[in-house]
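Architecture at a glance
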Amino acid sequence: MLSQRTLNALGGIGKASKSGAKVRKLHKIMCSNRDLWTQAYANIYANKGALTRGVNGNTLDGFGEDRVTHLIYLIQTGVYKPSPCRRVEIPKDPRNPKGKTRPLGVPNGDDKLIQEVMRMLLEEIYEPVFSDWSFGFRPNRSCHTALNEIRDSWKGTKWVCDVDIKGYFDNIDHDRLLHFMSKRVDDRKFLNLVRRFLKAGYMEDWRYYGTHSGTPQGGIISPILANIYLHELDEFMVSKVKEFSMGSRRRPNPEYRKLLCNRSNRIKWLKERSDITEEKAAIWRREIQEWGERLGNMSSVLMDDPGFKRLRYVRYADDFLIGVIGTKQEAKAIMADVTRFVETELRLEISQEKSGIVDPKQGFTFLGYSVVCRRESKRVKCVVSHKADGSKVHGTKRTITEHVHLGVPREKAQKFVELKGYGLYDSGKALAKKALLFHSDTEIVGQYNAELRGFANYYNLAPQFYLNKVEWIWQNSLFKTLAAKHKTSRAKIASQLKRGDGSFVLKEWRGDKVFETTVFKLKNRAAPRPGQVDILPNPYKYSGRTELLDRLNASVCEYCTQPSGRLEVHHVRKLKDISKGTEPWKRLMMARRRKTLVLCFDCHRDLHKGTLPDLRAFRKKLVGEPYA
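Residues numbered from 1 in each chain as written. Predicted model: local features only at pLDDT ≥ 70, side-chain atom pairs only at ≥ 80, totals over all residues. Heavy atoms only, no water.

What to know about the packing of aromatic side chains
Two numbers describe a pair of aromatic rings. These are the distance of the centres and the angle of the planes. In total, this model carries 22 aromatic pairs according to the counting rule given. Aromatic pair Y126 and F130: ring centres 5.6 Å apart, planes at 25°, arrangement stacked. In this arrangement the basic side chain of R87 is found over the ring face of Y202, its NZ or CZ atom lying 3.8 Å from the centre. (Phe/Tyr/Trp six-rings, centres within 6.5 Å; stacked < 30°, edge-to-face > 60°. Lys NZ or Arg CZ within 6 Å of the ring centre and 35° of its normal.)

As structure tokens, this is what we get:
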């Protein structure tokens with residue numbers, strides 16, 4: 001929990017940034033507010049990489065007041081030097097470990113902590129001014145909010161400029177980045193600290209390499225620095241949108257208006273005139289029905305109105321699209337202007353092979369989804385809005401004005417099925433996963449559930465039918481795995497698990513209790529919950545106290561139970577790593593179901609030396625007079 005003094009400082013940063021003033025004294029705020037460091041630690045200690053070692057073996061294990069004091073002293077005196085990142089290569093495609101790789105930089109524990117403090121301060125500066133069209137690496141925004149923006153606002157788009165920046169994170173110009181930051185930050189010491197992190201370099205195969213451009217992929221501060229760099233592109237696109245837009249709305253379709261007027265007159269005459277014959281009335285009724293069908297398949301406005309032009313823009317990190325309601329020549333001109341700006345002002349290179357102008361009616365891929373503008377002569381049931389609780393409101397709409405439709409690319413579904421080992425997607429053949437045969441039934445079902453739930457929840461913006469085949473192969477693979485374990489047939493396993501409502505439930509007896517695990521179904525995938533994104537500064541987001549901060553503030557060692565002002569936090573990567581341990585401290589962490597243990601300095605030192613005494617050594621009762 002941050003003090004009121006720190007909250008006021010963060011709130012002042014946001015207000016200054018929003019008003020257009022340069023922010024000062026960031027270095028002083030960083031060094032004089034110790035609770036900012038404790039909150040930064042609370043933000044990142046639970047990350048999977050908290051115990052991942054950097055080049056010098058330093059991790060977040062052992063966090064305490066002494067460590068914060070030492071780091072603040074080094075930063076205040078200007079002698080702190082970030083360590084090089086430890087570079088590892090991870091495969092881009094898990095199915096092909098020997099294929100193309102992506103470099104990942106692993107900083108040490110101290111650098112992670114300092115970067116998180118800097119990230120918190122930079123977020124207060126830039127979140128109020130970042131573009132509404134930027135969705136990557138930002139609070140309350142995600143791939144889904146970017147895709148929703150396209151689906152809700154890109155109706156009638158004629159051309160899409162798909163722009164790909166070649167090696168963005170590796171080619172960010174350090175001098176340009178610091179120049180862009182100096183527009184809003186007037187603190188030389190803070191900017192010098194940012195420069196040191198950018199120039200820290202990396203170690204690969206025990207050899208040092210300097211970094212003259214780019215930000216390390218894997219650094220805590222890298223995502224917000226990447227957004228700051230491309231914020232210049234966002235502002236450029238704001239000016240292009242204003243310059244290109246023309247007309248308040250499309251012109252009415254004269255043919256539609258004429259047909260609508262004739263149909264309305266026929267209906268009026270049928271109601272008011274009594275001098276018409278039955279034969280003529282029948283002719284008019286047929287005309288009313290025929291014209292109604294024609295109106296249903298005709299746009300009420302001119303979709304190709306040359307006096308109506310719009311420019312749309314969406315960016316997720318370095319992946320961005322530009323939608324054009326205009327001619328292809330205009331789209332080419334905009335593409336050329338954007339390419340020129342990126343290559344001259346940002347000093348980045350556009351990949352000519354991967355960039356181009358796409359007809360949205362032919363479809364394209366963005367953030368793993370297939371996106372297509374459909375125009376069909378029929379009415380479809382679709383989601384028109386959402387209630388306050390997130391539930392959908394359905395309605396019937398015509399599909400003649402090129403609505404945006406989101407789907408699941410076939411290659412994504414095929415890759416998921418075959419990567420997880422469920423079977424063959426093309427033939428629909430399911431296979432048992434032999435690697436799980438020695439696990440319990442509950443573990444097998446839980447593993448299968450977690451895998452499909454994650455995939456289905458990411459694609460919950462697409463209709464369910466795109467995933468029906470995936471679910472079929474996945475479910476049969478699960479049944480075949482259980483059947484192979486119990487040496488029975490797939491049909492018998494399905495019959496044992498099936499209930500009257502069509503669901504499948506696994507029952508497992510543990511002692512005298514029955515535990516049930518329900519097999520996941522697509523209809524139970526998480527519904528998208530739309531909400532208004534609050535981009536105003538919110539300094540109270542750090543006002544909540546976490547459970548770990550409460551334990552640190554108690555100033556008591558959780559092992560020896562003695563009061564201490566010098567506490568450190570011991571980490572383990574996973575509880576299952578110590579589940580079979582017999583040492584008292586391992587049994588204590590297992591009993592508490594916590595991956596952290598707050599220890600005094602002596603207990604933490606003895607733990608790592610392997611000389612930590614048994615708990616009973618601290619609990620011996622005093623004999624005789626206590627003050628004799």
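Quick notes on the pairing of strand β18 (residues 596–600)
Burial of β18 is extensive: 5 of the 5 residues sit out of reach of the surface. Burial of β18 is two-sided: the residues T596, V598 and C600 facing one way and the residues L597 and L599 facing the other way are all buried. Bridge analysis of strand β17 (residues 567–571) against β18 gives 5 bridges, and the strand direction is antiparallel. Its bridge partner lying in β18, H571 is registered against T596. (Buried < 20%, exposed > 50% of the residue type's maximum accessible area, 1.4 Å probe, protein only. Helix = DSSP H or I, 4+ residues; strand = E, 2+ residues; numbered from the N terminus. Pairing = 2+ DSSP bridges.)

Side note on the pattern of salt bridges
With the rule as written, the count across this model stands at 35 salt bridges. Measuring nitrogen to oxygen at the nearest pair gives 3.0 Å for the salt bridge that ties E127 to R138. Highlighted residues: E127 in the loop between α5 (109–126) and α6 (143–153) and R138 in the loop between α5 and α6, separated in sequence by 11 residues. Its relative accessible area of 11% is what places E127 among the buried residues. (Salt bridge = Lys/Arg side-chain N within 4 Å of Asp/Glu carboxyl O.)

Quick notes on the nonpolar core
Counting 101 residues, the largest nonpolar core has M30, W37, I114, M181, L233 and I322 as its most contacted members. By residue number, the principal contributor to this core is helix α9 (residues 222–244), which donates 11 residues. Residues in contact with M30, not counting those within four places in the same chain, are W37, I75, I114, V117, M118, L121, F190 and L193. Counting 52 residues, the second largest nonpolar core, distinct from the first, contains L147, L367, Y459 and V519. (Core = buried A, V, L, I, M, F, W, Y, C linked by side-chain atoms within 4.5 Å. Contact = heavy atoms within 4.5 Å.)

A short note on the domain arrangement of the protein
When cut into domains, the protein gives domain 1 (4–129 + 173–213), domain 2 (133–169 + 226–253 + 303–407), domain 3 (254–297), domain 4 (410–524) and domain 5 (547–623). For domain 1 and domain 4, the distance between their C-alpha centroids amounts to 42 Å. (Domains from an automatic or database assignment.)

Concerning empty space enclosed by the protein
Taken as a whole, this structure holds 1 cavity of 30 Å³ or more when the rule is applied. Roughly 80 Å³ of volume is contained in the largest cavity. In terms of lining, the largest cavity is formed by 13 residues, of which the most central are Q115, F197, L198, P216 and I221. When contributions to the lining of the largest cavity are tallied by element, the ones reaching two or more residues are α5, α8 (188–198) and α9. For the lining of the largest cavity, a count of residues per class yields 9 nonpolar, 3 polar and 1 charged. (1 Å grid on protein atoms, 1.4 Å probe; cavity = no way out; pocket = protein on both sides within 12 Å on 5 of 7 lines; lining within 4 Å. Points joined across faces, edges and corners; volume = space filled by probe spheres on them. Nonpolar A, V, L, I, M, F, W, Y, C, P; charged D, E, K, R; others polar.)

Looking at the sheet that holds strand β8 (residues 319–325)
Read across the open sheet, the 4 strands follow the order β7-β8-β4-β9; overall the sheet is antiparallel. Where the open sheet ends on each side, the last strands, each with one partner, are β7 (310–316) and β9 (356–358). Between one strand and the next, the sheet's axes are offset by a mean angle of 20°, whatever the strand orientation. As defined by bridge partners, β7 adjoins β8 across 7 bridges and the pair is classed as antiparallel. (Axes fitted to C-alpha atoms, helices over the stretch in contact; angles between N-to-C directions.)

Some remarks on the side chain of D110
Its place among the elements puts D110 in helix α5. Owing to a relative accessible area of 17%, D110 belongs among the buried residues under this scheme. When residues no more than four places from it in sequence are discounted, the contact partners of D110 are N58, R67, L71 and Y80.

Quick notes on the environment of E418
Checked against the element boundaries, E418 lands in helix α13 (residues 410–419). For E418, a relative accessible area of 31% translates into the label partly exposed.

Here's the deal with the sheet that holds strand β3 (residues 101–106)
Strand order in this open sheet of 4 strands is β3-β2-β5-β6, and the pairing throughout is mixed. In the strand order of this sheet, the two ends are held by β3 and β6 (207–209), each with one partner. Strand-to-strand twist of the sheet, defined as the mean angle between neighbouring strand axes without regard to direction, takes the value 40°. Strand direction decides the pairing type here: strand β2 (residues 85–91) and β3, joined by 6 bridges, are antiparallel. Residue pairing in the sheet places R86 in a bridge with V106 of β3.

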